[in-house]
Each structure stands twice: as structure tokens, then as C-alpha cells.
Amino acid sequence: MNTNMMRFSFSSQSRNEAFARVTVASFVSQLDPTMDELTEIKTVVSEAVTNSIIHGYNSDPDQMITIICALSDDEVELIIQDEGVGIPDVEEAMEPLYTSKPDLERSGMGFTIMENFMDHVYVHSREGEGTTVTMNKQFNRSKAMSQ
Amino acid sequence: MGLTVDYELKETILLARLNGELDHHTASDLKESWQLALQQPGIKHMVLNLESLSFMDSSGLGVILGRYKELKAEGREMVVCSLTPAVDRLFQLSGLFKIIRFEENERYALETFGVVLS
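Residues numbered from 1 in each chain as written. Chains lettered and ligands numbered in written order. Predicted model: local features only at pLDDT ≥ 70, side-chain atom pairs only at ≥ 80, totals over all residues. Heavy atoms only, no water.

You'll find chain B entered in an unreviewed UniProt entry as Anti-sigma F factor antagonist, with Terribacillus saccharophilus given as the organism. Per UniProt, chain B has the following entry under Function (unreviewed entry): "In the phosphorylated form it could act as an anti-anti-sigma factor that counteracts SpoIIAB and thus releases sigma f from inhibition." The UniProt entry for chain B carries this comment under Sequence similarities (unreviewed entry): "Belongs to the anti-sigma-factor antagonist family." (UniProt positions renumbered as here; feature names shortened; annotations may be inferred.)

Looking at an unreviewed UniProt entry, chain A carries the name Anti-sigma F factor, with the source organism given as Terribacillus saccharophilus.

See below:
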């Protein structure tokens, strides 16, 4: 099985949210995903990067976020990492509509969207050390199964 | 690719059309201009047209729900129209479909407020 990987890091600034999702979408396009699948990938990248900026780094623009993306056969693995404050209670953070910053008009839907749009979402976080979100998704599952 | 907003007054209804990408970055400017637009005298309700929104994430849900709540607190209403399938899915997931009123297109949404376009 051939695995094709890429990795990039960028400043924790909101203007980079569009850059991050477009870059990942461009790399993932090699697997020939559907438009819907590509929209899902862009959306989950946007959600995870936004979480790192707002929550991980408390909107400090001088920190770094790293994205690793691996493609193999028809599957994509996405890893989005920050070295921010971490999440004290991951289970609580992943509950739909939960937000630690309601004053910032956060909808509390970020993790719910990630879990709905991807096959697997795993969150590893340690207070004071940072958060790593690992997500997997298989493309064209129906097409692959009918062959 | 940022976000642009066109505001237009149709009788007493504020019509806002979003073009481009609505994420955490573009949401803060949108919130500011939207709140300013709503302060114009004589506006009763509003219609939000999302037909040309090419991308939205949960930050978009947050800023739309925020304005919805502000309007509602003043006894005013917001109707959202012309959802793309991707945006429609986010509203379904978040349960906002049960709270906000949605209409198929702009003309129909305006009509529900009694604005008839010639």
C-alpha cells in the first residue's frame, strides 16, 4: 500500500483558516473525491484549525498549528496539532452545543460536525501541552463496495 | 476569497446577501456590518440570502444565530433563504432548522413579510 504524505505549519491567525482548508483539499483531490466529500474535508479542517486558534491559543496570533495529511488507497488521515492550553475534559468538549466561550458566539458544533463528516475522530489533549485531533475518512465507499 | 455582503432595504425589510466564504475569520467583520445595518431606522424584520455562500462552517452558524437572537429579543424576525445543500446540512445538524424560519427563495421570503416585488 502506497502512502502519500504532506505536512505544513502556519501561524495561529484566522486569515490562515481558508489557506489551511484549501491546501488540504488540494492535496486530497488526488484521490478524486466527490464535491461533497471535498466540502466535508474543508469543513472539518476549518473546524479543527478554528478550535486551535480560539481555544488552544486563546487567539494568540504568534503560535503555530501543524497539519499532517496522509493518503493511502481511498482513505485520508488528517492530523491537526497545536501546542496550546489543551482541553481539560475532552468528552464534555465534544458534546453537541457545548462551548467554553459562549460570549464569542461559538455554536458549539465544531466537534459534532467533525464526527458527522468523518468516519473516525480521535482527540488527544493534555492541559498545558496541546491538542491533537486525528480524523479518518474513506472516500467513495459505495463505489468501492460495488466493485 | 473572503466574504462580501450586500445590504438592501426592501420597504421595512433588511435584505442581506452573502457572497463567498463564511468562517471564523470573516464572521467578525460580518457581525459588525450586520449590526450596523440593523440599526438603520425603519427596519422591522430581515431576510438573509445564502445562495452565493460557497463555504460555511460552525462559525457561520454562530454569527447567524447571534443576530437571530438579537432580533428576536426586540420582537423582530429573521428568515433565511436559498440554502445550498452543504449549508443546508449544517443547519440540519445543528438543529437550527427547528428555531429559524427558512424559505426556498428570496422572493418568497420577502412575500412572507408582505413585500411584493414587481
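Once that is clear, we can look at helix α3 (residues 85-94) of chain B. Those residues of α3 of chain B lying buried are Val87, Leu90, Phe91 and Ser94 of chain B. Down the axis, α3 of chain B shows its buried residues gathered within 95° of arc, on one side only. Taken together, the buried residues of α3 of chain B touch α4 (110-117) of chain A together with β3 (45-56), α2 (58-73) and β5 (101-103) of chain B. Where α3 of chain B terminates, the next one or two residues include Gly95 of chain B, which has phi positive at roughly 80°. (Buried < 20%, exposed > 50% of the residue type's maximum accessible area, 1.4 Å probe, protein only. Helix = DSSP H or I, 4+ residues; strand = E, 2+ residues; numbered from the N terminus. Arc of directions from axis to C-beta. Contact = heavy atoms within 4.5 Å.)

Residues and elements named next belong to chain A. An order of β1-β2-β3-β5-β4 is seen for the five strands of this open sheet, with the pairing classed as antiparallel. Two strands bound the open sheet, and with one partner strand each, they are β1 (3-11) and β4 (120-126). Across this sheet, the average inter-strand angle for adjacent strands is 10°, counted without regard to direction. Relative to strand β5 (residues 130-138), strand β3 (residues 75-82) is paired through eight bridges, and the arrangement is antiparallel. Each residue of the ladder has a partner; that of Ile80, found in β5, is Val133. Sheet strands in contact with helix α1 (residues 16-28) are β1, β2 (64-72) and β3, and its direction is about 170° off that of β1. Its contacts with the sheet put helix α2 (residues 35-56) on β1, β2, β3 and β5, and the angle it makes with β3 is roughly 15°. (Pairing = 2+ DSSP bridges. Axes fitted to C-alpha atoms, helices over the stretch in contact; angles between N-to-C directions.)

Residue and element names in this part refer to chain B. Of the pairings in the sheet, the one linking strand β2 (residues 13-22) to β3 comprises nine bridges and is parallel in character. Its bridge partner lying in β3, Gly20 is registered against Leu53. Bridging between β3 and strand β4 (residues 78-81) involves four bridges; their strand directions are parallel. Looking across to β4, one finds that Leu48 is bridged to Val80. A crossover connection joins β3 to the parallel β4 through α2; in handedness this β-α-β unit is right-handed. (Right-handed = clockwise from strand over helix to strand, strands pointing away.)

On to the interface of chain B and chain A, then. Listed by partner, the interface residues are 20 residues for chain B and 24 residues for chain A. Across the chain B to chain A interface the summed buried area is about 1800 Å²; carbon plus sulfur atoms make up 54%. Applying the counting rule to chain B against chain A returns five salt bridges. The shortest N-O distance in the salt bridge between Arg21 of chain A and Glu21 of chain B comes to 2.6 Å. Only α1 (24-38), β3, α2 and α3 of chain B provide two or more residues apiece to the side of chain B that touches chain A. The element contributing the most residues to the side of chain B that touches chain A is α2 of chain B, with seven residues. Here the residues of the side of chain B that touches chain A are counted per class, giving seven nonpolar, seven polar and six charged. (Buried area = accessible area lost by both parts, 1.4 Å probe. Salt bridge = Lys/Arg side-chain N within 4 Å of Asp/Glu carboxyl O. Nonpolar A, V, L, I, M, F, W, Y, C, P; charged D, E, K, R; others polar.)

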